[in-house]
Amino acid sequence: DTGVSQNPRHKITKRGQNVTFRCDPISEHNRLYWYRQTLGQGPEFLTYFQNEAQLEKSRLLSDRFSAERPKGSFSTLEIQRTEQGDSAMYLCASSLGTGDYNEQFFGPGTRLTVL
Amino acid sequence: AQSVTQLDSQVPVFEEAPVELRCNYSSSVSVYLFWYVQYPNQGLQLLLKYLSGSTLVESINGFEAEFNKSQTSFHLRKPSVHISDTAEYFCAVRNAGGTSYGKLTFGQGTILTVHP
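As the structure is a computational prediction, the values presented were derived from the model and not from experiment.

**Q** I'm lost on the overall build of chain A in this one. Help?
**A** Within chain A, the secondary structure is distributed over zero helices and 11 strands. Secondary structure of chain A in N-to-C order comes out as β-β-β-β-β-β-β-β-β-β-β. Relative to the compact-globule value of 13 Å for 115 residues, chain A shows a C-alpha radius of gyration of 13 Å, a close match. Counting only C-alpha atoms, chain A reaches 40 × 30 × 25 Å along its principal axes. In chain A, buried positions account for 46% of the 115 residues.

What follows is the structure, given as structure tokens:
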């Protein structure tokens, strides 16, 4: 399978715990995006990487959230001191940025439930 | 800032009936427009896109959408739906041109349910 993969697919945690999600983009895709999708809403942009550089962060990304892409390949999204409002589907997408328009390919998402 | 409004949260139709899913957007700059589909337990998939040129764009499975700049709309249509079209559909926009990193702004989604 050469698509975008995300792990874990589901995560249940207690309020106050830290969680980390992983995204493996399509090989050689230099652009990577994180989105969050809450129930009944469309995905909302969180952050963007071009290779290993984090070039844009949404105001939705509070201080408790941190994302990395250390070698320009896979990416991790960590949430510290989780809150019930963090319960959502976290989506990762990647694209090959060689021109103006580059299709984003989405992974299946990680569903987070904070109890 | 950009925004996307999908006017219907749920659209139930019978098989072989026509359907229209409505999408309006707001943006101060030129945009690219997209429709994504999400089948149950699957990731988002690009259905069709408008970048430039002909304002009518088509997908391989019979959907079409028309970009209407004056009405800032990008409605999705299909003349005859199938049970397999049951899914959630998202309209999305992004800035056109090289100054954007390509981040997408999505609408709230429309759940299309096709009944036999």
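**Q** Is there a simple way to think about the nonpolar core in this case?
**A** Within soluble globular proteins, side chains that are nonpolar tend to cluster in buried spots. Counting 28 residues, the largest nonpolar core has L33, W35, L48, F74, L76 and Y89 of chain B as the members making the most contacts within it. Sequence-distant contacts of L48 of chain B, defined by excluding residues within four places in its chain, comprise L33, F34, W35, V57, E58, S59, F63, E64, A65, F74 and L76 of chain B. F21, L46, F49 and V114 of chain A belong to the second largest nonpolar core, which has 19 residues in total.

**Q** Looking at this structure, how should I read the side chain of N30 of chain A?
**A** Of note, N30 of chain A is situated in the loop between strand 3 (19-24) and strand 4 (31-37). Not counting the four nearest positions on each side in its chain, N30 of chain A is found in contact with F49, Q50, N51, R69, S95, L96 and G97 of chain A.

**Q** Help me understand the state of the cysteines, please; the structure alone is not making it clear to me.
**A** In protein chemistry, a disulfide is the covalent bond that joins the sulfur atoms of two cysteines. Counting across every chain of the model gives two disulfides over all chains. Residue C23 of chain A pairs covalently with C92 of chain A via a disulfide, S to S 1.9 Å. Around the S-S axis, the bridge from C23 of chain A to C92 of chain A shows a dihedral of about -65° and counts as left-handed. Here C23 of chain A, found in strand 3, pairs with C92 of chain A, found in strand 9 (residues 88-95); they are 69 residues apart in sequence, far enough to count as distant. Residue C23 of chain A shares its accessibility class with C92 of chain A, and that shared class is buried. Paired by a disulfide, C23 of chain B and C91 of chain B hold their sulfur atoms 2.0 Å apart. Disulfide C23 of chain B to C91 of chain B: torsion about the S-S bond roughly -65°, handedness left-handed. One end of the pair, C23 of chain B, is in strand 4 (residues 23-26); the other, C91 of chain B, is in strand 10 (residues 87-95), and 68 residues separate them in sequence. Each of the two residues, C23 of chain B as well as C91 of chain B, counts as buried.

**Q** Please clarify how the interface of chain A and chain B should be interpreted in this entry.
**A** Interfaces are often sized by the accessible area lost when the parts come together. In this assembly, 22 residues from chain A lie in contact with 22 residues from chain B. Taken together, the connections running from chain A to chain B amount to one salt bridge. For the salt bridge of E56 of chain A with K103 of chain B, the shortest nitrogen-to-oxygen distance reads 2.6 Å. Inspection of the chain A/chain B interface yields four residue pairs in polar contact (both at pLDDT 80 or more). Breaking the side of chain A that touches chain B down by element, the ones donating at least two residues are strand 4, strand 5 (44-50) and strand 6 (53-57) of chain A. Per-element tally for the side of chain A that touches chain B: the top contributor is strand 4 of chain A, with four residues. Its residues placed into classes, the side of chain A that touches chain B shows 10 nonpolar, seven polar and five charged.

Parameters and conventions
- Residues numbered from 1 in each chain as written.
- Chains lettered and ligands numbered in written order.
- Predicted model: local features only at pLDDT ≥ 70, side-chain atom pairs only at ≥ 80, totals over all residues.
- Heavy atoms only, no water.
- Helix = DSSP H or I, 4+ residues; strand = E, 2+ residues; numbered from the N terminus.
- Rg over C-alpha atoms; globule rule 2.2 N^0.38 Å.
- Buried < 20%, exposed > 50% of the residue type's maximum accessible area, 1.4 Å probe, protein only.
- Core = buried A, V, L, I, M, F, W, Y, C linked by side-chain atoms within 4.5 Å.
- Contact = heavy atoms within 4.5 Å.
- Disulfide = S-S within 2.5 Å.
- Salt bridge = Lys/Arg side-chain N within 4 Å of Asp/Glu carboxyl O.
- Polar contact = N/O pair within 3.5 Å; in protein donor to acceptor, adjacent residues only side chain to side chain.
- Nonpolar A, V, L, I, M, F, W, Y, C, P; charged D, E, K, R; others polar.

Taken by themselves, the reported measurements are silent on function.
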